[in-house]
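Examining the three-dimensional arrangement
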Amino acid sequence: MYMNNNEIIKRYGSDYIEMTTTLLEYAHLANEIGDTTKQIGIKPNLVTPTPASFGATTHPEIVEGIIKYLQNNNFRKISIIEGSWVGDKTSEAFINCGYKSLCEKYDVEFIDTQKDHFHEKDCAGMSLNICDSVDTIDYMINVPVIKGHCQTKMTCALKNMKGLIPNSEKRHFHTMGLHKPVAHLSVGIHQDFIVVDHICGDPNFEEGGNPLQTDCVMVCKDPVLIDSYACSLLGLSAKDVSYVGMAEALGSGSTDLNKAEISILNENGEVIKSFSADKKDPYEKAFSHRDLNLDISVDVDECDSCSACFACFTAVLYRLKDEGLWNGGSLPKISIGQGHKGKNGAYGIGNCCRTFDHFIKGCPPKEEDIYEQLREWMTD
């Protein structure tokens, strides 16, 4: 018996390895994969070199649970494949996030896509560059984190595939508006099974810092459906995150939560509760966050900025707001993003604005450097 595409199976607890293996056993993943000689790729989220408890990266215990389950079922060709965001090195995240020791323990290969070659691929009418190592994978297991995002509001399964494209393409995504290329990438890279880290993702920022502890792992086969459900958990609808509906239109899955069947397992792998998406999960903690609709239009001229740069910048604005130093209109007009390359201006953030009269160095600049410089500019 295999999982249906409209199923979402959840497990709560504190033993993340056991929780994961219980879910995979219930889903009969080994039977789903079939041939034990297949090359299996595990795609976590290692966006930054910070521990999972910070709310940005995938818990290594979940990946360990996947590896243990697969090896116990005679799968030996397993690799972990990932590339951090522009501005951080995957090699540092590999160590700091606990994946170096994990790979050594289970003799599993780690593929750093920041060091990979890439090729052009037609993704439902949009040409995108995809890392060559993706083509070596026969069965892709996506292990995203449910968390907020400063530009797209939410990130989970669909956007996590962005770690499998080169840095140059990541920058290109932002010049294309981010949502559309993320949707088309869902056609270019097929994810076969999804194990979602819903343990303590930051509901506000993709780089973490304010984790919300929920202690949940869940599995699903439909990336569009699980992203739609993730939206609901973050107080959003799928319509609030454009790439979710775009991916549905391209045939990558369904946003119809009315047809979703959600179940919760206990430690014995037994269903203790089943409910539809419009019913509240009694184990979910209430979502509470700062105003995600921070109005920066008065002070900021944003054009095609990369996530790492924009996330650092908005995090600083929240700090200044919390300190009572900024509430819109108290800064000189500040530019940020690739769209300002080669142009002139007064104040800019990042190397894209190196031709401005004043700019903060870095790609991306460090958050503390932005904070100190903005405070100085506010008093000029």
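Parameters at a glance
Residues numbered from 1 in each chain as written. Predicted model: local features only at pLDDT ≥ 70, side-chain atom pairs only at ≥ 80, totals over all residues. Heavy atoms only, no water. Helix = DSSP H or I, 4+ residues; strand = E, 2+ residues; numbered from the N terminus. Contact = heavy atoms within 4.5 Å. Pairing = 2+ DSSP bridges. Axes fitted to C-alpha atoms, helices over the stretch in contact; angles between N-to-C directions. Phe/Tyr/Trp six-rings, centres within 6.5 Å; stacked < 30°, edge-to-face > 60°. Buried < 20%, exposed > 50% of the residue type's maximum accessible area, 1.4 Å probe, protein only. Polar contact = N/O pair within 3.5 Å; in protein donor to acceptor, adjacent residues only side chain to side chain.

**Focus: the environment of lysine 89**
Note that lysine 89 resides in the loop between β3 (78-82) and α4 (90-96). Sequence-wise, lysine 89 and lysine 361 are 272 residues apart; in three dimensions their C-alpha atoms are separated by 18 Å. Excluding its chain neighbours within four sequence positions, the residues that come into contact with lysine 89 are Ser84 and Gln114.

**Thoughts on the sheet that holds strand β13 (residues 271-275)**
The strand order across the open sheet formed by nine strands is β4-β3-β2-β7-β10-β11-β1-β12-β13, and the pairing between neighbours is mixed. Strands with a single pairing partner mark the edges of an open sheet, and in this sheet they are β4 (109-112) and β13. For this sheet, the mean angle separating the axes of adjacent strands, direction not counted, is 20°. Two elements, strand β2 (residues 40-44) and strand β7 (residues 139-143), share five bridges in a ladder whose sense is parallel. Paired with isoleucine 42 across the strands is isoleucine 141, a residue of β7. Of the strands in this sheet, β1 (7-12), β10 (193-198), β11 (216-220), β12 (261-265) and β13 are in contact with helix α9 (residues 223-233), which crosses β11 at around 145°.

**Observations regarding the packing of aromatic side chains**
Per the stated rule, a full pass over the model turns up three aromatic pairs. Aromatic side chains tyrosine 12 and tyrosine 283 sit 5.2 Å apart centroid to centroid with 25° between the ring planes, which places their arrangement in the stacked category. Placement of tyrosine 12 in strand β1 and of tyrosine 283 in the loop between β13 and β14 (300-302) is noted, with a sequence separation of 271 residues between them. Under the relative-accessibility criterion, tyrosine 12 is labelled buried at 12%. Accessibility expressed as a relative area gives 42% for tyrosine 283, which makes it partly exposed.

**Some words on α9**
Owing to its 3.6 residues per turn, the α-helix brings residues three or four apart onto one side. Burial within α9 is extensive, with 10 of its 11 residues counted as buried. For α9, the full list of buried residues reads Pro223, Val224, Leu225, Ile226, Asp227, Ser228, Tyr229, Ala230, Cys231 and Leu233. By the N-cap criterion, in which a side-chain oxygen at the helix start approaches the backbone nitrogen of a residue two or three places on, α9 is capped by aspartate 222, the distance to valine 224 being 2.9 Å. The first or second residue beyond α9 is glycine 235, which carries a positive phi of 75°.

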